[in-house]
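Examining the three-dimensional arrangement
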Amino acid sequence: MNGGSGTPHSSKRISIVIPAFNEECSVLPVFKAIQSSLPGDVCEIIFVDDGSSDATAEAVRSLRARESSVRLIRFGRNFGQQSALLAGLEAARGAAVITLDCDLQHPPELLPDMVQAWRNGSKIVQMVRRETADASLFKTYTSRGFYRIISLLSETPVVSGAADFQLLDRVVVDAVLEFKDRYPFVRGLVAWLGFPAIKIEYTAPARKTGATGYTRRKMLTLSLQAVMGLSSKPLRFSFYLGLFTAVFCLLYAVFAIVALIAGKTVPGWTSVIVMVTFLGAVQLVSIGIVGEYLARVYDQSRGVPRYVVVETDEAPTNDLHDREN
């Protein structure tokens, strides 16, 4: 079911989608910041509780009780930020949708600039992070490395520094929702569509409350999700790696034969062990790459839902809210 199915889109008004994971202290501040930045332009603010273990859902319910523009979607468990973004996009009813994080590191004071660019005709307004005030060196360099890998391996490179802080016109939202990927990477899908976009740079402020839920494990998972969701180049890379290894082994065999004919001592155990280890590593890497793609094909073929909604302010169409159909 698409975001506007059964409900008319709010003409020229904006939906805000905010994924939240253990952000109970940030719900009210981010709402107030949005309200002060875009008075009268917002038709709804959708908080997507991604299986929080704290009182995030309670904070949104409390806010919703006195603010009619606030909506809540709550997952049964943590399905990840990308799934939360998709759930919000599907539920959104505005003529355009802005996605941003709940931790105020995506500055709400920049929302008027985004809306103005959209009203001037841009289908996509992509916010590009120059730097983050409290980012560690590890975070900074791994982030840069992530975008370089994406640019190297993807047929559709993602702008370096681009985050899930963006405005999408309704036509873009509907196009994104046509994808049925089990492991979506929203930034990549938006870039793949090729709609005209405008970029606005910003500096992300330090996180004001709580701690980030983006662990190194989640960062690695997102990286794999992005690379394998946007490109089949890793499969071709494994083929080229195998081809290179075959050529290398052939040359080594020629060298060994020539050395034997010349009466020179052919390296013994060391060379054999190195060669066997090298070949084994190449095979394992190649099998691992193929295995990752096969696992995604397997999950996709089973029709596993991308997320499960256990609470929403709209009546569910089925118990699981399977967004694959």
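This text goes with the structure placed above it.
What comes next concerns the included structure. All figures in this text were calculated on a predicted structure; none of them were measured in a lab.

In terms of helices and strands, the protein chain carries 10 helices and eight strands. Of all 325 residues assigned to the protein chain, the portion counted as buried reaches 44%. Accessible area for the protein chain stands at about 16400 Å²; split by element, carbon and sulfur atoms hold 62% of it.

The next subject is helix 7 (residues 186-193). What helix 7 keeps buried is the set Val186, Arg187, Gly188, Leu189 and Val190. Residue Gly194 follows helix 7 closely and has a positive phi angle near 85°.

Attention now goes to the pairing of strand 4 (residues 94-99). With six of six residues buried, strand 4 lies mostly within the body of the structure. As defined by bridge partners, strand 4 adjoins strand 6 (residues 162-169) across four bridges and the pair is classed as antiparallel. Along strand 6, the bridge assignment pairs Val97 with Leu168.

Here the focus is the packing of aromatic side chains. A complete count under the given rule lists four aromatic pairs for this structure. Here the aromatic rings of Phe75 and Tyr307 are separated by 4.9 Å at their centres, their planes lie at 15°, and the arrangement is stacked. Placement of Phe75 in strand 3 (residues 70-75) and of Tyr307 in the loop between helix 10 (269-302) and strand 8 (309-312) is noted, with a sequence separation of 232 residues between them. Using a relative accessible area of 1% as the deciding quantity, one classes Phe75 as buried. The buried category is assigned to Tyr307, whose relative accessible area is 0%. Measuring from ring centre to ring centre gives 5.4 Å for Phe179 and Trp192, while their planes differ by 80°; the resulting arrangement is edge-to-face.

The subject of this paragraph is the pattern of salt bridges. All chains considered together, the criterion is met by 11 salt bridges. Here Arg119 ties to Asp41 by a salt bridge, and the two come within 3.4 Å at their closest N and O atoms. Highlighted residues: Arg119 in helix 4 (residues 111-119) and Asp41 in the loop between helix 1 (27-37) and strand 2 (42-49), separated in sequence by 78 residues. Note that Glu44 is salt-bridged to Arg93, the shortest N-O span being 3.2 Å. With Glu44 in strand 2 and Arg93 in the loop between helix 3 (81-91) and strand 4, the pair connects residues that are 49 residues apart, well separated along the chain. For Arg93, a relative accessible area of 25% corresponds to the partly exposed category.

What follows concerns the nonpolar core. Among the nonpolar cores identified, the biggest contains 38 residues, and Ile16, Ile18, Ile34, Phe47, Ile98 and Phe165 are the most heavily contacted of them. Among all residues touching Ile34, those that are not within four sequence positions of it are Ile16, Ile18, Val42, Ile45, Leu100, Pro108 and Leu111. Counting 24 residues, the second-largest nonpolar core is a separate cluster that includes Phe79, Leu89, Val176 and Val190.

Criteria and cut-off values
- Residues numbered from 1 in each chain as written.
- Predicted model: local features only at pLDDT ≥ 70, side-chain atom pairs only at ≥ 80, totals over all residues.
- Heavy atoms only, no water.
- Helix = DSSP H or I, 4+ residues; strand = E, 2+ residues; numbered from the N terminus.
- Buried < 20%, exposed > 50% of the residue type's maximum accessible area, 1.4 Å probe, protein only.
- Areas by Shrake-Rupley, 256 points an atom, 1.4 Å probe, with all protein chains shown as cover.
- Pairing = 2+ DSSP bridges.
- Phe/Tyr/Trp six-rings, centres within 6.5 Å; stacked < 30°, edge-to-face > 60°.
- Salt bridge = Lys/Arg side-chain N within 4 Å of Asp/Glu carboxyl O.
- Core = buried A, V, L, I, M, F, W, Y, C linked by side-chain atoms within 4.5 Å.
- Contact = heavy atoms within 4.5 Å.

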